[in-house]
Structure formats: structure tokens, C-alpha cells
Amino acid sequence: MSKKQQKQQPQQAQQQQSKKPNKEVTKQYEQYVKQFTPKPKYFSNSLKAFVVGGCICAAALYIQNLLMDKGLSEKTAGAYVTVILVCTAQLLTGFGVFDTIGKFAGAGVFVPITGFANSMVAPAMEYKKEGPVLGVGAKLFSLAGAVLVCGITVSAIIGMIYYFIK
Amino acid sequence: MDYFYAFLIGGIMCVIGQILIDTTKLTAPRVLVIFVVAGAILTAFGWYEPIVKLAKNGATVPLPGFGYALAKGAMDGAKDGFMAAISGGLKNTAAGLTAAIGFGYIVALIFTPKSKR
């Protein structure tokens, strides 16, 4: 604690003098913060993400094969798989289980389409008090909107480029 | 063997995401955006198609697969005219998006947020 105060005091004095954030001070402060930020366990985090993410993809392939055995075309079966994954993830988010899984697996559940589904429902539930239209309806897209806007824009640009090239 | 490749490629993509979150200051939504856009651009250059052929769901289930579906729809539509080129991306992902929006809305209306355990 005393160390912290010692380091902060000269910073404050300098900032009051110049008012503009001093670059050296910010650098020093960043280094100071770095000492206390716990280093993430890169290897174990990556391993967990790898195993969980891989399992989700393998499970998706299993469901797809089951559906294709029943005579669905590859495209329809793929759509069913996406819908099943999305709905499962959203239900789990509703029950509050997804956060627990997410804490363990990290990117393992956020990079597959399940993370996209979670990013829609989670903020929507939080803003329920603001009403069903402007609360839930609007916040459904507070995170997913960014993904949709960027993705759709890029796809439209790609489509136009391909149309003019060929 | 299909399952092995699906597991491997899907896992690798998640590891890339995990490393991006751990080592850089990118937040999770930014990582999602980067993945989708990267998937779409890789598809446009024709580099994502071989991965999908090899790993199937291992490549389509992670978010670059969403970008792949968007770009693929647009590229297929480009053969049928300008309007199809613009609408193709959404057409190809309509089922998943509609499910995510419709079902997500219902779930968010029914459930209340739980405190984290």
C-alpha cells in the first residue's frame, strides 16, 4: 500500500502541472499495473479451449451425420445443426449454466456459433426491466449487432466484387 | 477420421481465439467480429473452402464458418445477378439467424438472469 502511494503521488503532481497526460507517466503506470495483473495461464487455457471447442465441433458432425442418414440433404442438415446448437446455447444461457461453462472453457465455447447465440441472449436478459421492446428487443443486438453488421457488409462487398469480376 | 479432423480444426480455431483474448487487449466481441470477417475474406480468396472440405463441421461451426456461409452465399448469388449477389449472404444464413433471433427473444423474455455461481 505504501509503495502504491509513493508512486501515485509524483504522478498526480505531474499531471496537475501539465494537465495533459504525460506519456512517460502512463508508461510507468502501465508497467506498475503489469506487476499486479495475474498472468493468464496460457497453456492450460488453450488446452481447455481446444478440447471443449473440438468436442462441440465433433458433436455437431455427429448430429449432421445422423440427420443425413435420415435422408436430409447436406445443406438442410447443416442448417438444422446450426439451429440446434444455437437453441441449446441460448437455453443454457437462460438457465445460467453457460456462464459456468464459459468460465471453464473460455474461447472453447465462445468461438463456435454457441458464443454468438450467448452474446445475443445474455445482454437481452440483463435489460429486461427496460421493457420487452426497447429492453429485450434492442439489447438482443448490443453485441451480436457488431458481428452481424461487419459480417453482412463484408459479404455484400464480396458479392459485388464477384459480380463485377465474372 | 472425419471426427478427428473436425475435432482438430475446431479445436485449433478455439485456441487461436483463446490466445487472442489472453495475449492482446481485444475484448470477446471484437474477437468474434475479427473471426467472422476473417472467415468471409478467406472464403473470398478461396482459401477456406479446402478447410471446410477437410474438417466439415469443424470449420463451419466456429464463427469463421459463419463468415464462410455469408461469403459463399454472396459468391454463389453473384452468378445469378447483382441483386442475388447482395442478398445471397443473408439467404444462406437465414435459418440460423432467424432461429437465433426468434428463439433468443423468447428465451430472454422467459428467463431472468441468474447470479454467477
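Caption draft 1: Seen up close, the overall build of chain B. Looking only at helices and strands, chain B has six helices and zero strands in total. Secondary structure elements of chain B, listed N to C terminal, follow the sequence α-α-α-α-α-α. Here the C-alpha coordinates of chain B stretch approximately 50 × 35 × 30 Å along the principal axes. The buried share among the 117 residues of chain B stands at 52%.

Caption draft 2: Layout of the overall build of chain A. Of regular secondary structure, chain A possesses nine helices and zero strands. Each of the 166 residues in chain A was classed as buried or not, and the buried ones make up 38%. Once local pairs closer than 6 in sequence are excluded, the contacts in chain A between residues at least 24 apart make up 51%.

Caption draft 3: Up close: the interface of chain A and chain B. Taken together, the contacts link 65 residues of chain A with 64 residues of chain B. Listed by contribution, the elements that provide at least two residues to the side of chain A that touches chain B are helix H3 (42–69), helix H4 (74–95), helix H5 (97–105), helix H6 (107–110), helix H7 (113–126), helix H8 (132–139) and helix H9 (144–165) of chain A. Top element by residues in the side of chain A that touches chain B is H3(A). It accounts for 14 residues. Broken down by class, the residue content of the side of chain A that touches chain B amounts to 42 nonpolar, 19 polar and four charged.

Caption draft 4: Main features of the packing of H3(A) against helix H1 (residues 2–23) of chain B. Here H3(A) crosses H1(B) at 140 degrees, and the two axes come no closer than 6 Å. It follows that H3(A) is oblique to H1(B) by the angle criterion. Crossing handedness for the pair H3(A) and H1(B): right-handed.

Caption draft 5: The arrangement of unusual backbone geometry in detail. Residues and elements named next belong to chain B. Residues other than glycine seldom take positive phi values, yet Lys56 does so here, at roughly 50 degrees. Among the structural elements, Lys56 can be located in the loop between helix H3 (49–55) and helix H4 (57–60). When the 23 C-beta atoms within 10 Å are taken as the criterion, Lys56 is described as buried.

Caption draft 6: Quick look at helix H2 (residues 28–44) of chain B. Residues and elements named next belong to chain B. Under the 1.5 Å per step criterion, the end-to-end length of H2 is 25 Å for 17 residues, consistent within 8% with the ideal 24 Å. Listing the buried residues of H2 in full gives Val31, Leu32, Val33, Phe35, Val36, Val37, Gly39, Ala40, Thr43 and Ala44. The first or second residue beyond H2 is Gly46, which carries a positive phi of 80 degrees.

Caption draft 7: Focus on the environment of B:Asn57. Relative to the elements of secondary structure, B:Asn57 occurs in helix H4. Owing to 32 C-beta atoms within 10 Å, B:Asn57 belongs among the buried residues under this scheme. Separated by 48 residues in the primary sequence, B:Asn57 and B:Ile9 have C-alpha atoms spaced 9.2 Å apart. Excluding its chain neighbours within four sequence positions, the residues that come into contact with B:Asn57 are A:Cys57, A:Ala60, A:Leu61, A:Gln64, A:Val81 and B:Ala6.

Calculation criteria
Residues numbered from 1 in each chain as written. Chains lettered and ligands numbered in written order. Predicted model: local features only at pLDDT ≥ 70, side-chain atom pairs only at ≥ 80, totals over all residues. Helix = DSSP H or I, 4+ residues; strand = E, 2+ residues; numbered from the N terminus. Buried ≥ 20, exposed ≤ 12 C-beta atoms within 10 Å, placed from the backbone. Contact = placed C-beta atoms within 7 Å. Nonpolar A, V, L, I, M, F, W, Y, C, P; charged D, E, K, R; others polar. Axes fitted to C-alpha atoms, helices over the stretch in contact; angles between N-to-C directions. Parallel < 35°, antiparallel > 145°, perpendicular 65-115°, else oblique. Left-handed = near helix turned anticlockwise from the far one by under 90°. Expected span 1.5 Å × (residues − 1).

Limitation: the analysis is restricted to geometry and does not speak to function.
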